[in-house]
Every structure is written in C-alpha cells, then in structure tokens.
Amino acid sequence: MLFRSTAPLIRGQQSQITISGLQPLEKTWVGITNQGWGNTVGIPLFGGLTFDLADVGFGILNGAADVNGTAILHLTVPHDVPLGPILLQAGVARGNRGKDSVKTIFVESVIQD
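Reading the values: rules and limits
Residues numbered from 1 in each chain as written. Predicted model: local features only at pLDDT ≥ 70, side-chain atom pairs only at ≥ 80, totals over all residues. Heavy atoms only, no water. Helix = DSSP H or I, 4+ residues; strand = E, 2+ residues; numbered from the N terminus. Rg over C-alpha atoms; globule rule 2.2 N^0.38 Å. Buried < 20%, exposed > 50% of the residue type's maximum accessible area, 1.4 Å probe, protein only. Contact = heavy atoms within 4.5 Å. Areas by Shrake-Rupley, 256 points an atom, 1.4 Å probe, with all protein chains shown as cover. Lys, Arg positive; Asp, Glu negative; His and termini not counted. Charge placed at Lys NZ, Arg CZ, Asp CG, Glu CD. Salt bridge = Lys/Arg side-chain N within 4 Å of Asp/Glu carboxyl O. pLDDT = per-residue confidence, 0-100. Polar contact = N/O pair within 3.5 Å; in protein donor to acceptor, adjacent residues only side chain to side chain.

Colleague: Would you mind going over the overall build of the protein with me for this structure?
Modeller: Tallying secondary structure elements over the protein gives zero helices and nine strands in all. Its C-alpha atoms give the protein a radius of gyration of 14 Å, near enough to 13 Å, the size a compact globule of 113 residues would have. Dimensions of the protein along its principal axes, counting C-alpha atoms only, are 40 × 30 × 15 Å. Going through the 113 residues of the protein one by one, you find that 36% of them count as buried. When contacts within the protein are restricted to residue pairs at least 6 apart in sequence, long-range pairs at least 24 apart make up 65% of them. Here the protein displays about 6,200 Å² of accessible surface, and carbon together with sulfur accounts for 55% of that area. Looking at the protein, you have 7 positive and 8 negative side-chain charges, and the mean spots of the two groups are 9 Å apart.

Structure, rendered in structure tokens:
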C-alpha cells in the first residue's frame, strides 16, 4: 500500500512529497493537477491503469524509493501557478507490462502565497 504526504506548497519555493510503503529502490510517479478529479486516459506504463485526476496539467514527477521503501520527491512551485486547491496522486508500475500496477487515492493540497 502506498501513502503520501506533502509539505506546504508555496509559490516560488521548494516543497517535498513523501511516498512510503514502496519496494526498496522502486520508482514512483506523482501526477499533479488543479483541474479536479476524474479519470485520465489509461497509462500504458501502468498497464492501462488510470489516475483519478481530470488531467495532469501541472505535470508528473518521478523518483525512486530508498532501501526502506520511502521516496522523497522535490518540487519547486512556479511563481505564476494559480493559488488554490490542487490534487496529487502517486502510482507505481508493477508486473509484466504494468498489469499489477497500483496507485494511491488522490490527496488535496493548496497552493499558497
């Protein structure tokens, strides 16, 4: 099971996203959007699994877990990003052609000044 937490997201500053419960050295991806929830198109890397985000307009971050199964990803919040709520969701591609991939539930955070 994956779990994620985010530090405060403040425009122009670096923040970090922590994902735990991964396999040691496993790679994870985090989708970020301010467009709300919905279903993205099936992602081939994830065996067609969809994220629960309307789109990933802010982009996708990726990083690898340490030997304890925790990944810390760093994000610099752009100066011009709109203030307000955003959604984040992490996923891991597992199994042959991604057929055993998993994702977290989405988490809401807020872009602040």
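Anyway, onward from the coordinates.
Colleague: Quick question: what am I supposed to make of the pattern of salt bridges here?
Modeller: Two side chains of opposite charge can pair, provided their charged atoms sit close to one another. Counting across every chain of the model gives three salt bridges. For Arg11, the salt bridge goes to Asp113, with nearest N and O atoms at 3.1 Å. Of the two residues, Arg11 is situated in the loop between β2 (9-10) and β3 (14-20) and Asp113 in the segment after β9 (107-112); the sequence distance between them amounts to 102 residues. Residue Arg11 is classed as partly exposed on the basis of its relative accessible area, which comes to 23%. According to the relative accessible area criterion, Asp113 is exposed, its value standing at 68%. Of the charged contacts in the structure, one is a salt bridge between Arg94 and Glu26, with a shortest N-O distance of 2.8 Å. Pair noted here: Arg94 is in the loop between β7 (84-92) and β8 (102-103) and Glu26 is in the loop between β3 and β4 (27-33), with a separation of 68 residues, a long-range link.

Colleague: Before we go on, may I ask you to explain the environment of Ala7 in this structure?
Modeller: With respect to the element layout, Ala7 can be found in the loop between β1 (3-6) and β2. Placed 29 residues apart in sequence, Ala7 and Gly36 show a C-alpha to C-alpha distance of 20 Å. In this structure, Ala7 is in contact with Ser15 and Gln16, ignoring residues within four places of it in sequence.

Colleague: When you look at the confidence of the model for the protein in this model, what are you seeing that I'm missing?
Modeller: Atomic detail in the predicted coordinates should be set aside for any region of low pLDDT. Mean pLDDT over the protein works out to 88, with 94% of the residues at or above the 70 mark. Mean pLDDT across the elements of the protein bottoms out in β1 (72) and peaks in strand β6 (residues 71-76) (93).

Colleague: Explain the side chain of Thr33 to me, please; I cannot follow it from the model alone.
Modeller: Within the secondary structure layout, Thr33 lies in strand β4. Of the residues examined, Thr33 reaches a relative accessible area of 0% and is grouped as buried. A polar atom in the side chain of Thr33 sits 2.9 Å from the backbone nitrogen of Gln35.

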